[in-house]
Amino acid sequence: MRPRLIPCLLIKDNGLVKTINFDNPKYLGDPLNAVRIFNEKKVDELIILDIDASRLKKDPNYKLLAKIANECNMPLCYGGGIKSISQCERLINLGIEKLALSSVVFSNKKIINEASKKFGSQSVVVVLDIKKSGLLKKKYEIFTKNGKSKIKLNLHTFIKDIESLGAGEIVINSIDNDGLMKGYDIQLISEVKDLISIPLTAMGGAGSLQDVKYLWTKLGLVGAAAGSLFVFKGKNRAVLITYPKIEEKNILFKELCI
């Protein structure tokens, strides 16, 4: 089994965007074009998150998602605006393999168990947006609504609950590192990895393949998701959809000490 290298695309108003610290979304273009390019580059998996759907209490954009799922040749994970099992079923029927649950799990965490029983745990992903909070900025806490609303739950306890309810995977998204391209929050990811036995994917901060390699050599079989790494090029952050060639990935995998 190899670690997964996963592009994450953010959707806002039907367009592809990228944020920094969950703020100031920059428009990048048509998400369908990005999906087509990633098809050609044979990516391991693709995550698509609608960053406004839950915050604005909107349903998933099924029309756009149907087009994306029809184009997508790799495993597809979608999150944003999911509030019910009926919505989950509709998304699965569109061809989306993984359901990324986020805001809904804080008002109805039973949906994790219900979705796991109906679609299989491998299809149920819980995405947690986390940043350091408090006076000394040392405590990791969960946030929703694009990092604006803090959830008053103990992170470690809630993560254990997620696994016990049947989630097949957890995605940890670092708000502090989002878009900065200075590396993953290894401390945060390590803390979460030690709590669970299900697959973990880390997101937020990757700026180079060396950041990905550092994550894997430190923590082993962790999914490495990234946005800026795959959509920006150079210091001026010119928009360019990229992904390592198979040969580059093979070299990277061979160098891992896992």
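For the structure itself, consult the block above.
Read on for a plain summary of the structure. Each chain has its residues counted from 1, following the order in which its sequence is written. Whole-chain, interface and lining totals are the exception, using all residues; otherwise, since this is a predicted model, local features are given only for residues with pLDDT of at least 70 and side-chain atom pairs are given and counted only at 80 or more. With hydrogens and water excluded, all non-hydrogen atoms of the structure serve as input to the side-chain values.

## Overview of the overall build of the chain
Thought 1: Secondary structure is summarised from DSSP: a helix means a run of H or I of at least four residues, a strand means a run of E of at least two, and numbering begins at the N terminus for each. Looking only at helices and strands, the chain features 10 helices and 14 strands.
Thought 2: Considering only C-alpha atoms, the chain reaches an extent of 45 × 45 × 35 Å along its principal axes.
Thought 3: Only protein chains enter the accessibility calculation, which uses a 1.4 Å probe; a residue is then buried when its area is under 20% of its type maximum, exposed when over 50%, and partly exposed in between. Residues counted as buried form 54% of the 258 residues belonging to the chain.
Thought 4: The contacts in the chain between residues at least 6 apart in sequence include a share of 66% that link residues at least 24 apart.
Thought 5: We get accessible surface area from the Shrake-Rupley algorithm with a probe of 1.4 Å; when it comes to residues, only the shown protein chains can shield them. Of the roughly 12300 Å² that the chain leaves accessible, carbon and sulfur atoms contribute 50%.
Thought 6: Looking at charge distribution, the chain has the averaged site of its 40 positive side-chain charges lying 3 Å from that of its 27 negative ones. The contact criterion used is simple: two residues touch if any of their non-hydrogen atoms lie within 4.5 Å. For the purpose of counting charges, residues Lys and Arg are taken to be positive, whereas Asp and Glu are taken to be negative. His and the chain ends are not included. All charge positions are set by atom: Lys at NZ, Arg at CZ, Asp at CG, Glu at CD.

## Structural notes on the packing of aromatic side chains
Two aromatic rings, taken as a pair, are described by how far apart their centres are and by the angle between their planes.
Thought 1: Here a Phe, Tyr or Trp ring, Trp counted by its six-membered ring, pairs with any other such ring whose centre lies within 6.5 Å, and the pair is stacked when the planes are under 30 degrees apart, edge-to-face when over 60, and tilted otherwise. This structure, assessed with the given rule, holds 2 aromatic pairs.
Thought 2: Ring centres of Phe106 and Phe158 lie 5.1 Å apart, and the angle between their planes is 25°; on these two criteria the pair is classed as stacked. Of the two residues, Phe106 is situated in helix α4 (residues 104-107) and Phe158 in helix α6 (residues 155-164); the sequence distance between them amounts to 52 residues.
Thought 3: Judged by its relative accessible area of 22%, Phe106 falls in the partly exposed class.
Thought 4: Ring centres 5.3 Å apart and planes at 40° place the aromatic pair Phe230 and Tyr243 in the tilted group. Of this pair, Phe230 sits in helix α9 (residues 228-231) while Tyr243 sits in the loop between β14 (238-239) and α10 (246-254); the two residues are 13 residues apart in sequence, bridging distant segments of the chain.

## Here's the deal with helix α2 (residues 62-71)
Thought 1: Every buried residue of α2 is listed here: Tyr62, Leu64, Leu65, Ile68 and Ala69. Buried residues of α2 fall within an arc of 155° about the axis and therefore sit on the same side. More than 90 degrees from the buried face of α2, the exposed residues found are Lys63 and Asn70.
Thought 2: On its buried side, α2 packs onto β1 (5-12), α1 (31-40), β4 (46-50), β5 (76-79) and α3 (85-94). The directions considered for the arc are those from the helix axis to the C-beta atoms.

## Let's talk about the environment of Lys182
Thought 1: The topology assignment puts Lys182 in the loop between β10 (169-174) and α7 (186-193).
Thought 2: As for Lys182 and Leu65, which are separated by 117 residues in sequence, their C-alpha atoms are 31 Å apart.
Thought 3: Those residues in contact with Lys182 that lie beyond four places of it in its chain are Gly205 and Asp211.

## Things to note about the side chain of Asn173
Thought 1: Looking at the secondary structure, you find Asn173 in strand β10.
Thought 2: With relative accessibility at 7%, the residue Asn173 sits in the buried group.
Thought 3: Leave out the neighbours within four places in its chain, and Asn173 touches Phe22, Leu128, Asp129, Ile130, Met203 and Gly204.

## With respect to unusual backbone geometry
Thought 1: Phi is positive for Asn21, which is not a glycine, with a value near 55°.
Thought 2: Mapped onto the secondary structure, Asn21 falls in the loop between β2 (15-20) and β3 (23-29).
Thought 3: One non-glycine residue with positive phi stands out, namely Asn146, at about 60°.

## Some points on the nonpolar core
Thought 1: Here the nonpolar core consists of buried residues drawn from Ala, Val, Leu, Ile, Met, Phe, Trp, Tyr and Cys, with membership extended through side-chain atoms lying within 4.5 Å. Ranked by internal contacts, the top residues of the largest apolar core, which has 74 residues, are Phe38, Ile112, Leu128, Tyr184 and Leu215.
Thought 2: With 5 residues, α2 is the single largest residue contributor to this core.
Thought 3: When neighbours within four sequence positions are excluded, Leu215 is seen to be in contact with Tyr184, Ile186, Ile189, Ala202, Gly220, Val222, Gly223 and Ala224.

## Focus on the state of the cysteines
Thought 1: Put simply, a disulfide is two cysteine sulfurs that come within 2.5 Å. Enumeration according to the criterion identifies 0 disulfides in this entry.
Thought 2: Between Cys72, a cysteine without a disulfide, and Cys77, which holds the nearest cysteine sulfur, the sulfur-to-sulfur distance is 11 Å.
Thought 3: A disulfide-free cysteine, Cys88 has its sulfur positioned 11 Å from the sulfur of Cys77, the nearest such atom.

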